[in-house]
Amino acid sequence: MTNSDTVSGRRIDKAQVREWFELPFFELLHRAHDTHRRHFPGQRIQRSALLSIKTGGCSEDCGYCAQSARHHAHAREPLLDTQTIVRHAAQAKAAGATRFCMGAAWRAPKDKDLERVAEAVAAVKSLGLETCVTLGMLSPPQATRLKEAGLDYYNHNVDTSPEHYGKVITTHTLSDRLRTLEAVREVGIKVCCGGIIGMGETREDRISMLALLAGLDPQPESVPINQLIPIPGTPLADAPPVDPFELVRTIAVARLALPRSYVRLSAGRSQMSDELQALCFYAGANSLFYGEKLLTAGNPDVAHDDELLARLDLQPE
Ligand code: SAM
Ligand code: DTB
Ligand code: SF4
């Protein structure tokens, strides 16, 4: 049975995901790369730009996050105006990004703020960019409003396994997040949903998280795999780093479990060698954040990424 048969033919449960994780490293890489090549052109990579449109002061206590008001405060910046957002989007387009993602540090947006974001989405979309926002929890009418504005993707991560979730975040639950994902799906916005590795979770947690993501029906179109960027002053500042080959395995299993999704090698690339990133691309990662800054933390500079992609003969979408 091929992997795609597995995907269309039966549920991807934890046992299946565990079996993949436990394959010999090169057998796993081989299968993941083969699956990747069956569903995507082998030498293409999608690039998304990211802009923090409202920074810091968030009510939630996510243990990894620089923007929680409960941790040692980071820079705070109120919601940017549409003109400023559009200026950044135009620059990102000129630099080569095809998707523009806007992030806001909210538990959930107020309706008046959502209206301003909807305006910004429509304006960014009119530049010919795909649009994505991540604003926290949404009500069904808010999802409808974003759909009307022309939003393509909503990012809302499950972040970790159901078992580990409560050890990282206590101010909302995984069920809250799943409810927002449903509201977004319901109105026909594409879903970007993934998680973080390196938050003190076990491999069993990573298995459980990937089984959860693979079981979303339909599967998310886009799956960001973030490696924790340890932020001083947050509870996870000293989390033990994950073995880089475990990251590669996680990407490879994500590729097998979600064969048609874009798998984005997201936060943490500044801390990775070029060689490690190349292994991740071979394992099935086919998207990245492009631009010097993520939301508050750094990302490789554009010149370095351009050179890396050229050295690997990867063509930007
Ligand atoms: N407030 C919204 C939310 O929680 O969905 C949107 C912004 S939040 C910063 C978006 C995602 O960024 C989180 O779900 C998490 O996966 C990722 N993230 C945040 N801080 C991170 C860090 N220090 N290292 C890695 N990923 C991080
Ligand atoms: C996602 O999964 N990763 C991005 C995006 N969605 C919004 C955010 C990464 C944030 C990294 C830490 C920071 O910049 O503060
Ligand atoms: Fe707030 Fe999102 Fe950061 Fe959690 S991850 S503290 S909800 S900005």
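The rules behind these values
- Residues numbered from 1 in each chain as written.
- Chains lettered and ligands numbered in written order.
- Predicted model: local features only at pLDDT ≥ 70, side-chain atom pairs only at ≥ 80, totals over all residues.
- Heavy atoms only, no water.
- Core = buried A, V, L, I, M, F, W, Y, C linked by side-chain atoms within 4.5 Å.
- Buried < 20%, exposed > 50% of the residue type's maximum accessible area, 1.4 Å probe, protein only.
- Helix = DSSP H or I, 4+ residues; strand = E, 2+ residues; numbered from the N terminus.
- Near = heavy atom within 4 Å.
- Polar contact = N/O pair within 3.5 Å; in protein donor to acceptor, adjacent residues only side chain to side chain.
- 1 Å grid on protein atoms, 1.4 Å probe; cavity = no way out; pocket = protein on both sides within 12 Å on 5 of 7 lines; lining within 4 Å.
- Sits in = over half its atoms within 2 Å of the grid points.
- Nonpolar A, V, L, I, M, F, W, Y, C, P; charged D, E, K, R; others polar.
- Disulfide = S-S within 2.5 Å.

Novice: Just checking my understanding: could you explain the nonpolar core for this structure?
Specialist: For soluble globular proteins, nonpolar side chains are generally found buried alongside one another. Phe 100 and Leu 146 are the most contacted members of the largest nonpolar core, which has 89 residues in total. By residue number, the principal contributor to this core is helix H10 (residues 244–257), which donates eight residues. With eleven residues, the next largest nonpolar core counts Cys 101, Tyr 153, Ala 267 and Phe 289 among its residues.

Novice: In this structure, what is going on with the site of ligand 2? I would like to understand it.
Specialist: Around ligand 2 lies a shell formed by Leu 50, Thr 134, Asn 155, Asn 157, Pro 224, Asn 226, Ala 267, Phe 289, Leu 294, Leu 295, Thr 296 and Ala 297. Contact distances for ligand 2 include 2.8 Å between an oxygen atom and a side-chain N or O atom of Asn 226. Using a 2 Å cut-off from the grid points, one finds that ligand 2 occupies the largest cavity. For the shell around ligand 2, a count of residues per class yields seven nonpolar, five polar and no charged.

Novice: Help me out: how do you make sense of the state of the cysteines in this one?
Specialist: Put plainly, two cysteines are in a disulfide when a covalent bond ties their sulfur atoms together. For the structure on display, the rule yields zero disulfides. The thiol of Cys 192 is not disulfide-bonded; the next cysteine sulfur, from Cys 132, is found 5.1 Å away. Residue class for Cys 192 comes out buried when judged on its relative accessible area of 2%.

Novice: Would you explain unusual backbone geometry in this entry?
Specialist: Trans peptide bonds make up the majority, and among non-glycine residues the majority have a negative phi. Between Asp 217 and the following residue, Pro 218, the backbone shows a cis peptide bond with an omega angle of -5°. Locating Pro 218 in the fold gives a position in the loop between helix H9 (203–215) and strand E7 (222–227). In this structure, Asp 159 takes a positive phi of about 70° despite not being glycine. For Asp 159, the location among the structural elements is in the loop between strand E4 (153–155) and helix H7 (162–168). For Asp 313, which is not glycine, the phi torsion reads 55° and is therefore positive. Considering the arrangement of structural elements, one finds Asp 313 in the loop between helix H12 (302–311) and strand E10 (315–316). What makes Asp 313 exposed here is its relative accessible area of 54%.

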